[in-house]
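Geometric and topological summary
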Amino acid sequence: MNQPTISQRKLLGIAGLGWLFDAMDVGMLSFLMAALQKDWNLTAEQVGWIGSVNSIGMAVGALVFGLLADRIGRKHVFLVTLLLFSIGSGLSALTTTLAAFLALRFLIGMGLGGELPVASTLVSEAVPAKDRGRAVVLLESFWAGGWLLSALISYFVIPAYGWRTALWLAAAPALYAIYLRLRLPDSPRFMATKKEGTVWSHIAHVWSAPYRKETTMLWLLWFCVVFSYYGMFLWLPSVMVMKGFSLIKSFEYVLVMTIAQLPGYFSAAWLIERAGRKFVLITYLLGTAASAYFFGTAESLAGLMAAGIFLSFFNLGAWGALYAYTPEQYPTSIRATGAGMAAAFGRIGGIFGPLFVGSLVAKGVSVTAIFTLFCLSVLVAVLSVTVLGKETKQQELA
């Protein structure tokens with residue numbers, strides 16, 4: 001078998017670049033929601049649907065492409081998902097109705113949802129056990145770079161040139177990532193594994209007795225984390241506007257908060273091979289819960305900014321650990337299926353999060369009450385890892 005090899009750094013660079021463009025699109029969506037609300041005179045419920053349809057697509061994509069990755073390989077699925085995202089993002093710049101925009105957000109979401117668990121699975125299988133956790137967290141750190149780019153584009157481009165121009169800017173560079181990915185080798189573990197069983201047997205295997213505890217833990221963890229993340233972060237610019245700041249000022253403040261994601265990732269990457277996956281997940285999720293509570297109760301700009309910065313730091317560090325931890329729960333034959341199913345179930349939380357905020361805002365519920373509920377959701381995730389989770393630090397993959 002003449003499987004080409006690739007250095008860890010190059011693998012991270014190529015996989016991370018696609019991850020960056022994915023994050024740029026998701027990050028920009030929060031700013032687009034605020035801009036479209038003004039441009040198209042949308043209600044709070046309609047704005048909530050934009051974020052939720054994206055998550056419906058991500059749920060479908062995570063499930064479908066996770067299953068496919070265990071059948072046809074990680075690399076091929078990696079290519080298809082990025083292509084779907086790029087074309088959908090470019091076409092959405094041409095839409096003139098909310099219905100067309102929502103349809104394309106579903107396709108974009110499928111690409112995004114499929115790429116993320118498959119990318120983390122590929123990297124985790126290609127890196128030695130002693131470096132695996134750190135490598136996947138560093139892959140996830142490209143997400144912060146994408147969010148930072150999205151905040152910069154949203155701050156400088158949307159007010160001056162409109163949201164359509166911002167979408168074109170997001171779609172174009174992703175084509176370069178597709179070109180790079182064509183030369184990416186597939187996972188050596190996947191190539192060496194005998195392909196047995198059907199899609200249905202893989203799904204059943206994930207819920208079989210040896211993996212039931214791990215699957216239950218992951219599904220609870222993913223649901224609570226995704227529900228709170230999309231509920232909070234997609235609404236951040238809008239929440240800042242509700243707190244009395246202008247749209248331009250809210251973009252500016254969220255940009256500052258976004259920068260805090262990078263040290264969150266890097267600190268988690270440093271800790272994960274030293275303190276272990278469970279410690280990092282529990283600690284950073286507790287930090288997320290506390291930050292969410294204080295963000296909701298903050299009255300002053302200084303209080304909002306401090307809580308928002310800590311929210312970005314802890315939440316994105318937790319995401320890095322989550323992506324490192326998830327593929328380690330399963331053997332190679334069902335790894336992408338297990339990771340994809342957990343992510344898909346989590347995305348159901350992402351569907352309800354933005355809709356939940358939109359409906360509560362429409363009913364006049366305070367931001368304090370909304371963010372307290374997200375705080376409680378994160379604490380359920382902490383409980384699931386504490387009670388059901390096992391430590392996988394530096395264990396060889398099966």
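Conventions we followed
- One numbering rule holds for all chains: residues counted from 1, following each sequence as written.
- Residue-level local features of this predicted model are given only where pLDDT is at least 70; pairs of side-chain atoms are given and counted only at 80 or more, and the full residue set underlies all totals for whole chains, interfaces and linings.
- Hydrogens are left out, water is left out, and the side-chain values use all remaining heavy atoms of the structure.
- By definition, any uninterrupted DSSP run of H or I lasting at least four residues is a helix, any uninterrupted run of E lasting at least two residues is a strand, and each is numbered from the N terminus.
- It is over C-alpha atoms that the radius of gyration is taken, and the globule rule equals 2.2 Å times the number of residues to the power 0.38.
- Residue burial is assigned from relative accessible area. The probe radius is 1.4 Å, only protein chains are included, and a residue is buried under 20% of its type maximum, exposed over 50%, and partly exposed in between.
- We call two residues in contact whenever any of their non-hydrogen atoms come within 4.5 Å of each other.
- All accessible-area figures derive from a Shrake-Rupley calculation using a 1.4 Å probe, and residue coverage is judged against the displayed protein chains alone.
- Here Asp and Glu are counted as negative and Lys and Arg as positive; His is not counted, and neither are the chain ends.
- All charge positions are set by atom: Lys at NZ, Arg at CZ, Asp at CG, Glu at CD.
- Residues forming no salt bridge and having over 30% relative accessible area are the ones grouped into patches, like charges within 9 Å of each other and nonpolar side chains (Val, Leu, Ile, Met, Phe, Trp, Tyr) within 5 Å.
- A pairing counts as a salt bridge when a side-chain nitrogen of Lys or Arg comes within 4 Å of a carboxyl oxygen of Asp or Glu.
- The span one expects for a helix is its residue count, reduced by one, times 1.5 Å.
- To get an axis, fit a line to the C-alpha atoms, keeping to the stretch in contact for a helix; angles then go from 0 to 180 degrees between the N-to-C directions.
- Small angles under 35 degrees read as roughly parallel and large ones over 145 as roughly antiparallel, with 65 to 115 read as roughly perpendicular and the rest as oblique.
- By definition, any crossing whose near helix is turned counterclockwise from its far helix by less than a right angle is left-handed, and any crossing with a clockwise turn is right-handed.
- Residues are grouped as follows: Ala, Val, Leu, Ile, Met, Phe, Trp, Tyr, Cys and Pro are nonpolar; Asp, Glu, Lys and Arg are charged; all remaining types, including Gly, are polar.
- In this description, the term disulfide denotes a pair of cysteine sulfurs within 2.5 Å.
- Note on aromatic pairs: the rings of Phe, Tyr and Trp (six-membered ring only in Trp) are paired at centre separations within 6.5 Å, and the planes decide the class, stacked below 30 degrees, edge-to-face beyond 60, tilted for the rest.

**Re the overall build of the chain**
- Summing up its helical and strand segments, the chain has 18 helices and 0 strands in all.
- On C-alpha atoms alone, the chain measures out to a radius of gyration of 20 Å, which is about the 21 Å that the 2.2 N^0.38 rule sets for 398 residues.
- Dimensions along the principal axes, computed over C-alpha positions, put the chain at roughly 60 × 45 × 35 Å.
- Burial status across the chain gives 61% buried among its 398 residues.
- Contacts in the chain between residues far apart in sequence, at least 24 positions, make up 86% of those at least 6 positions apart.
- Surface summary for the chain: the accessible area is close to 14200 Å², and the carbon and sulfur share equals 70%.
- Positive and negative side-chain charges in the chain, numbering 28 and 18 respectively, have mean positions lying 3 Å apart.

**Here we look at a nonpolar patch on the surface**
- Among the surface-exposed residues, Val-60, Leu-63, Val-64, Leu-68 and Ile-72 lie close enough to one another that they form a single nonpolar patch of about 330 Å² accessible area.
- Following the sequence through the fold, Val-60 ends up in helix H2 (residues 44-72).
- Using a relative accessible area of 32% as the deciding quantity, one classes Val-60 as partly exposed.

**Quick notes on helix H4 (residues 98-126)**
- Between its terminal C-alpha atoms H4 stretches 42 Å, which fits the 42 Å expected from 29 residues at 1.5 Å a residue.
- Of all 29 residues in H4, 23 are buried, a share of seventy percent or more.

**Some points on the side chain of Thr-215**
- Relative to the elements of secondary structure, Thr-215 occurs in helix H11 (residues 212-233).
- Thr-215 gets classed as buried once you look at its relative accessible area, which sits at 0%.
- Aside from chain neighbours lying at most four places away, what touches Thr-215 is Val-206, Trp-207 and Tyr-330.

**Quick word on the pattern of salt bridges**
- Overall, the coordinates contain 10 salt bridges when judged by the stated rule.
- Put simply, Arg-134 and Asp-131 hold a salt bridge, and the shortest N to O gap is 2.8 Å. With Arg-134 and Asp-131 both in helix H5 (residues 129-156) and 3 residues apart, this pair spans about one turn of that helix.
- What you see here is one network of salt bridges that share partners, running through Asp-70, Arg-74, Glu-125 and Arg-335.

**Observations regarding the packing of helix H17 (residues 335-362) against helix H18 (residues 367-388)**
- One can describe the packing of H17 onto H18 by two numbers: an axis separation of 10 Å at closest approach and a directional angle of 150°. On the basis of the axis angle, H17 is roughly antiparallel to H18. Two packed elements cross with a definite hand, and for H17 against H18 that hand is right-handed. Residues Gly-353, Phe-356, Val-357, Leu-360 and Val-361 of H17 lie in contact with H18, whose contacting residues are Ile-370, Leu-373 and Phe-374.
- Of the residues belonging to the contact of H17 with H18, the class tally is 7 nonpolar, 1 polar and no charged.

**Considerations on H11**
- The end-to-end C-alpha separation of H11 is 31 Å, in line with the 32 Å expected for 22 residues at 1.5 Å each.
- Where burial is concerned, most of H11 is hidden: 17 out of the 22 residues are buried.

**Here's the deal with the state of the cysteines**
- Enumeration according to the criterion identifies 0 disulfides in this entry.
- Note on Cys-375: no disulfide assigned, nearest cysteine sulfur contributed by Cys-224 at a separation of 12 Å.
- Using a relative accessible area of 11% as the deciding quantity, one classes Cys-375 as buried.

**Considering the packing of aromatic side chains**
- For the structure on display, the rule yields 24 aromatic pairs.
- Pairing Trp-40 with Trp-163 gives two aromatic rings, centres 5.5 Å apart and planes at 90°, and the pair type is edge-to-face. Of this pair, Trp-40 sits in the loop between helix H1 (8-39) and H2 while Trp-163 sits in helix H7 (residues 163-171), and the two are 123 residues apart along the sequence. No difference in accessibility class separates Trp-40 from Trp-163, as the two residues are buried.
- For the ring pair Trp-207 and Trp-219, a centre distance of 5.0 Å and an interplane angle of 80° mean the geometry is edge-to-face. Here the residue Trp-207 occupies a position in the loop between helix H10 (199-206) and H11, and Trp-219 occupies one in helix H11, the gap between them amounting to 12 residues.
- On the basis of relative accessibility, which here comes to 31%, the residue Trp-207 falls in the partly exposed class.

**Things to note about the packing of H1 against H2**
- Running from N to C, H1 and H2 point in directions that differ by 150°, and their axes come no closer than 10 Å. With respect to H2, the element H1 is oriented roughly antiparallel. Seen from above, H1 lies across H2 with right-handed handedness. Contacts between H1 and H2 involve Leu-29, Met-33, Leu-36 and Gln-37 from the former and Ala-44, Val-47, Ile-50, Gly-51 and Asn-54 from the latter.
- Counted by class, the contact of H1 with H2 contains 6 nonpolar, 3 polar and no charged residues.

**Considering the side chain of Ser-89**
- With respect to the element layout, Ser-89 can be found in helix H3 (residues 74-92).
- Residue class for Ser-89 comes out buried when judged on its relative accessible area of 0%.
- Those residues in contact with Ser-89 that sit more than four places away from it in its chain are Asp-25, Ile-108, Leu-167, Ala-170 and Ala-171.

**Digging into the environment of Ala-321**
- With respect to the element layout, Ala-321 can be found in helix H16 (residues 301-325).
- It is 21 Å that separates the C-alpha atoms of Ala-321 and Phe-78, two residues lying 243 residues apart in sequence.
- Leaving out residues up to four positions away in the same chain, Ala-321 has contacts with Val-137, Ile-272, Val-280 and Leu-281.

The values are spatial; any link to function lies outside them.
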